[in-house]
2 protein chains.
Amino acid sequence: MVNCRFTVAIHVLCLLAAQHPRTLTSEFIAGSVNTNPVVIRRILGVLRKAGLVRSQPGVSGGWGLVAKPESITLGALYQIVRPGTVFAMHSQQPNVLCPVGRNIQRGLRLHFQKAQAAMEAELDRITIADVLEDVLETST
Amino acid sequence: MVNCRFTVAIHVLCLLAAQHPRTLTSEFIAGSVNTNPVVIRRILGVLRKAGLVRSQPGVSGGWGLVAKPESITLGALYQIVRPGTVFAMHSQQPNVLCPVGRNIQRGLRLHFQKAQAAMEAELDRITIADVLEDVLETST
DNA sequence: AAAACAGTAATAGTGTCTGTTACGCATTCT
DNA sequence: AGAATGCGTAACAGACACTATTACTGTTTT
């Protein structure tokens, strides 16, 4: 089972959107996600740097949504919580004495970028508001 | 360093296509990829099950291409060497007592599938023949 | 018969991610 | 002012996936 930060980030933003403008503590959120509060704080820390949420320490503190749910696309969120590429190049540099080995990475880079861009474009068609609507709809 | 089997598989098929109809040994291929022959045999074993290549043991044995390079798309290859999904759900099951936690996975599944399908559709537009052409072109 | 080469199991090492504890700091409430 | 609450973050352990490597068996050609 690989990286699930993206999924958790969506989950948390849906929670914050559903309860807006109330603030939620990392402990409460962790109870819904079923993980440790530190994990939640780590992910929300990244989202705060991106300007999506804000945090407040102290009594009656917690986390609140800053951006509008319908303005947060899954594509943007993906780039925030999982920077980097879907595809990995060779773990060791290929043999430069081989015509294929010497040029294969350059030849693949653009194709990989376009494939990932297509994926993110599809994710851009969905917002947190859409997901929340789906979730609460199936809830009834 | 994540999964690079997909990249290596493309690399190996380009080699086999470039040298076709000659056969190449796993040791020779490993020399271009810069890894161990066993790693090559493992990946080629998967491709053989899919009918893309064949192998022959013994003296002057090795690996040969069966499918035509222009008929092997990167999308098909991706599904062969990396079955499974790009996106991971929660590592622990979310809290079913929470309306969001109870339905978030069902709400996300379709979106994730569509995003990955968009990526694979983009990969389907490229064949091994295309990649080989790019690679040999930049070689000059 | 000997050599070459695939097939495969077993193992070690590395890296990434999640989960957890611990502690400091900021803020609110009494 | 002091206590309680909650974030911020470092440190560490455990799980897991992947790569690399060794070693051995079986098959085919020469």
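Residues numbered from 1 in each chain as written. Chains lettered and ligands numbered in written order. Predicted model: local features only at pLDDT ≥ 70, side-chain atom pairs only at ≥ 80, totals over all residues.

We now examine the relation of the copies chain A and chain B. Laying chain A over chain B is done by rotating through 180° and shifting 0.0 Å along the axis; what remains is an RMSD of 0.1 Å. The superposition operator between the copies reduces to a two-fold rotation axis. Rotation axis and chain A: the residue whose C-alpha lies nearest the axis is methionine 119 of chain A, separated from it by 2.4 Å. Same-surface contact between copies: 100% of interface residues of chain A are shared with the interface of chain B. (Least-squares fit on C-alpha atoms with pLDDT ≥ 70 in both. Contact = placed C-beta atoms within 7 Å.)

What follows concerns the interface of chain A and chain B. Each side of the interface is counted separately: chain A has 54 residues, and chain B has 54 residues. Those elements giving two or more residues to the side of chain A that touches chain B turn out to be helix H1 (5-19), helix H2 (26-33), helix H5 (99-123) and helix H6 (128-139) of chain A. Here the side of chain A that touches chain B takes 18 residues from H5 of chain A, the largest share from any one element. The residue inventory of the side of chain A that touches chain B, partitioned by class, reads 30 nonpolar, 19 polar and 5 charged. (Helix = DSSP H or I, 4+ residues; strand = E, 2+ residues; numbered from the N terminus. Nonpolar A, V, L, I, M, F, W, Y, C, P; charged D, E, K, R; others polar.)

Residue and element names in this part refer to chain B. In the contact formed by helix H1 (residues 5-19) and helix H3 (residues 37-49), the axes pass within 10 Å of each other and the chain directions differ by 80°. Here H1 is positioned roughly perpendicular relative to H3, judged by the angle of their axes. Contacts from Arg5, Val8, Ala9 and Val12 in H1 reach Ile40, Ile43, Leu44 and Leu47 in H3. For the contact of H1 with H3, the class distribution of residues is 7 nonpolar, no polar and 1 charged. (Axes fitted to C-alpha atoms, helices over the stretch in contact; angles between N-to-C directions. Parallel < 35°, antiparallel > 145°, perpendicular 65-115°, else oblique.)

This paragraph deals with the protein's contact with DNA strand C. Within the structure, DNA strand C sits among 29 residues, and Thr35, Asn36, Val38 and Gly58 of chain A together with Thr25 of chain B are positioned closest to it. At the level of secondary structure, the elements contributing two or more residues to the surface near DNA strand C comprise helix H3 (37-49) of chain A together with helix H2 (26-33), H3 and strand S2 (62-65) of chain B. Per-element tally for the surface near DNA strand C: the top contributor is H3 of chain B, with 4 residues. Split by residue class, the surface near DNA strand C holds 11 nonpolar, 15 polar and 3 charged. (Near = placed C-beta within 6 Å.)

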